[in-house]
Amino acid sequence: MRRAEDVLDRPQFSDVVMTEAELQLAALERDFPAWRIACVADLAAPIWYGFLRTELTDRQRAAGACPTLMRSSPEALASALSLQIQLVRKMQPWHNLWRRFIP
């Protein structure tokens, strides 16, 4: 039996096995740091959630931005998160400034 001190000093990476869902969750968390990602996997079909970590402005809400997203797959959630980011970026003042100079 290994002692806790040994495990903390020398982690056994060969003992760590991540499932595909855990890898997808880690990738989404890495790629979308402004969102808290969760997956409810103990259902017949997993449900993937994205929760925005900051508050939306009234203007962003009026433009269609959502603080919470729910999708049936990690790929669908990644797509929806990307669309939300594009939507919020278009609301930023600097984006409108650059639009004047970029055709």
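Predicted model only: the values in this text are computed from it and were never measured.

Participant: What should I look at first to understand the overall build of the protein chain in this one?
Facilitator: For the protein chain, the helix and strand inventory stands at 5 helices and 3 strands. Listing each helix as α and each strand as β along the protein chain from the N terminus yields α-α-β-β-α-β-α-α. By the burial criterion, 19% of the 103 residues in the protein chain qualify as buried. Taking the intrachain contacts of the protein chain between residues at least 6 apart in sequence as the baseline, contacts between residues at least 24 apart amount to 34%. If you sum the accessible surface of the protein chain, you get close to 8,000 Å²; carbon and sulfur atoms cover 59% of it.

Participant: What is the right way to read the side chain of Gln84 from this model?
Facilitator: Within the secondary structure, Gln84 sits in helix α4 (residues 74-90). Those residues in contact with Gln84, other than ones at most four positions away along the chain, are Trp35, Gly64, Ala65, Cys66 and Leu69.

Participant: Honestly, the side chain of Ser73 in this entry has me stumped. Any pointers?
Facilitator: Within the secondary structure layout, Ser73 lies in the loop between β3 (68-71) and α4. A distance of 3.0 Å separates a polar atom in the side chain of Ser73 from the backbone nitrogen of Ala76.

Participant: How do you make sense of the nonpolar core when you look at a structure like this?
Facilitator: Generally speaking, nonpolar side chains in soluble globular proteins are found buried as a group. Core analysis: the largest hydrophobic core is formed by 13 residues, its most contacted members being Leu28, Phe32, Trp35, Ile37, Leu69, Leu77 and Leu81. Counting residues per element, the ones that place at least two in this core are β1 (35-40), β2 (47-52) and α4. Take this core: its biggest share by element is 4 residues, from α4. Setting aside anything within four residues of it in sequence, one finds Leu28 in contact with Ile37, Trp48, Pro74, Leu77 and Ala78.

Participant: Sorry, what's going on with the confidence of the model for the protein chain here?
Facilitator: Parts of the prediction with low pLDDT should not have their coordinates interpreted in detail. Across the protein chain, the average pLDDT comes to 78, with 71% of residues at or above 70. Here helix α1 (residues 4-9) is the element of the protein chain with the lowest mean pLDDT, 42, and β3 is the one with the highest, 96. Below pLDDT 50 for its whole length, residues 1-16 participates in 3 contacts with residues either more than four positions away or in separate chains.

Participant: Could you clarify how one ought to interpret the packing of aromatic side chains in this entry?
Facilitator: For any pair of aromatic rings, the description consists of the separation of the ring centres together with the inter-plane angle of the planes. Here the structure, examined in full by the defined rule, presents 1 aromatic pair. For the ring pair Tyr49 and Phe51, a centre distance of 5.7 Å and an interplane angle of 10° mean the geometry is stacked.

Reading the values: the criteria
Residues numbered from 1 in each chain as written. Predicted model: local features only at pLDDT ≥ 70, side-chain atom pairs only at ≥ 80, totals over all residues. Heavy atoms only, no water. Helix = DSSP H or I, 4+ residues; strand = E, 2+ residues; numbered from the N terminus. Buried < 20%, exposed > 50% of the residue type's maximum accessible area, 1.4 Å probe, protein only. Contact = heavy atoms within 4.5 Å. Areas by Shrake-Rupley, 256 points an atom, 1.4 Å probe, with all protein chains shown as cover. Polar contact = N/O pair within 3.5 Å; in protein donor to acceptor, adjacent residues only side chain to side chain. Core = buried A, V, L, I, M, F, W, Y, C linked by side-chain atoms within 4.5 Å. pLDDT = per-residue confidence, 0-100. Phe/Tyr/Trp six-rings, centres within 6.5 Å; stacked < 30°, edge-to-face > 60°.

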